[in-house]
Amino acid sequence: MKRSIILLATAIVLFGCGKHQCNPIDTCPELDQLVAQCHQLHPNAFGYPVNQRSALHEFYRWYINSGLDTVNMNNVGDPWEQSSYLLSTHPFEVEVLEYFGPMYGFDKDNLWGIITNSGTDGNNHGIYFGANLLQMQTGQLPIVYVSDEAHYSNARLCDLQNLELRLIKTDSMGRMSPEDLEKQLDPSRPCLVVYAMGSTFKGAIDDMEALNAVLDKHPMPVYRHVDAALFGGYLPFTQYKDMVNSKKMRFQSISVSGHKFFGIDSPSGLFITSREVYDKQASYDIPYLNADMKMINCSRDAVQALKFWWLIKHIGTEQWSEQATAMLECTQYMKAEMDKIGWPCWCNEYSNTIFFRRPSQAIVNKYSLACGHNDMFGGDLAHVVVMQHVNHEAIDRFIADLKAENK
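These remarks concern the structure in this document. What you see is a predicted model; the values in this text were computed from it and never measured.

**Considering the overall build of the protein**
Looking only at helices and strands, one finds 15 helices and 13 strands in the protein. Since a compact globule built from 407 residues should have a radius of gyration of about 22 Å, the 23 Å found for the protein is in line with a globular shape. Projecting the C-alpha coordinates of the protein onto the three principal axes gives extents of approximately 65 × 65 × 45 Å. For the protein, buried positions account for 52% of its 407 residues. Here the contacts in the protein between residues at least 6 apart in sequence split such that 70% fall between residues at least 24 apart. Carbon and sulfur atoms make up 54% of the accessible area of the protein, which totals about 18,500 Å². Positive and negative side-chain charges in the protein, numbering 34 and 46 respectively, have mean positions lying 3 Å apart.

**Section: the pattern of salt bridges**
Per the counting criterion, the structure on display carries 18 salt bridges. Note that Arg 175 is salt-bridged to Asp 171, the shortest N-O span being 2.9 Å. For Asp 171, a relative accessible area of 30% gives the class partly exposed. In this structure, Lys 294 and Asp 292 form a salt bridge, with 3.9 Å as the shortest nitrogen-oxygen distance. Residue Asp 292 is classed as partly exposed on the basis of its relative accessible area of 21%.

**Comments concerning the side chain of Lys 202**
Topologically, Lys 202 is positioned in the loop between β4 (191-196) and α8 (208-216). A distance of 2.8 Å separates the side chain of Lys 202 from the backbone oxygen of Ser 172, its partner in a polar contact. Dropping the residues within four chain positions of it, Lys 202 is found in contact with Glu 149, Ser 172, Met 173, Gly 174, Asn 348, Ser 351, Thr 353, Phe 355, Asn 374 and Phe 377.

Cut-off values and rules
Residues numbered from 1 in each chain as written. Predicted model: local features only at pLDDT ≥ 70, side-chain atom pairs only at ≥ 80, totals over all residues. Heavy atoms only, no water. Helix = DSSP H or I, 4+ residues; strand = E, 2+ residues; numbered from the N terminus. Rg over C-alpha atoms; globule rule 2.2 N^0.38 Å. Buried < 20%, exposed > 50% of the residue type's maximum accessible area, 1.4 Å probe, protein only. Contact = heavy atoms within 4.5 Å. Areas by Shrake-Rupley, 256 points an atom, 1.4 Å probe, with all protein chains shown as cover. Lys, Arg positive; Asp, Glu negative; His and termini not counted. Charge placed at Lys NZ, Arg CZ, Asp CG, Glu CD. Salt bridge = Lys/Arg side-chain N within 4 Å of Asp/Glu carboxyl O. Polar contact = N/O pair within 3.5 Å; in protein donor to acceptor, adjacent residues only side chain to side chain.

Spelled out as structure tokens, the structure:
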């Protein structure tokens, strides 16, 4: 780690660090301030779906000692087809995808995917692949149906891809309404539906079986993509794993974040679909890469594949199962403790998200709470996402602060 600090400080000297010139063997005051702020805030970071117990310390020790920090790697192209750029981690990327693919109901012999730059990157691929497939099958672009409480990236991506979007109303707890889907559905056009596996604020899970029943009434081509940024991380390791099984829920692709449940320390994720869907995408043969570039992005972070692979080997199914179980238990504990002190709060089934009456700004700041507004629940709200670092002790501190304010 000392070597990395020296390299970073040297770079800052060369390129400048605001108004302050740094000594190459020391860190900058600006960096010291950033470090102090992060260490102060991260134990109480309750409001956003980030696992603050990163298990990558030993990975970075290995990474620096190996000298890979001096090598520029790039996972360009299809992970299963080696491009002419050999400085990649494609074999590790494939191993990661073959580990996770079956968890989401995709067979290894009919599996395709990439390690993405973020959950939004995965959603972009799901919408893009689905629209291409449906247009190839029907000669028409689909209408995209997304709930009005799903992550905003889905609506933004439809605008980016120039696709017609219909926002479907949700029930009071944030789940897509089957009745409104039925009302807004246009059976004369192919349908691309994005299911929210954990809505942004209320942590709601769209009822895929009920929504599929609506779609089954109409003889139109359908592509289903699941935005499972957070919930797709922990649900496969619980008794509720069938909720993210493509065979049972009949979706064609899924996007999962790596920087949420899995604790990767920078944005990343998984996009997983079938080889059948991938093979029907338009080919872009790029001679200088010796690669068929059917995916949207060219360059992809090769180090993220190593981080995922490292976590599989050093954390793995057993520990992730324990963490997922503990998260859901702590969610119920926190909800019960809030009920005891009479603080209005709500939680969806299978969810690790509790939304509640917004406390003072001091508590919002201390716990980095995400805030919103909903008249149906009394107006100003905040929420907590119970991740691995939000244990009983941390919850008790939070409840004590709420209780003191509630007097």
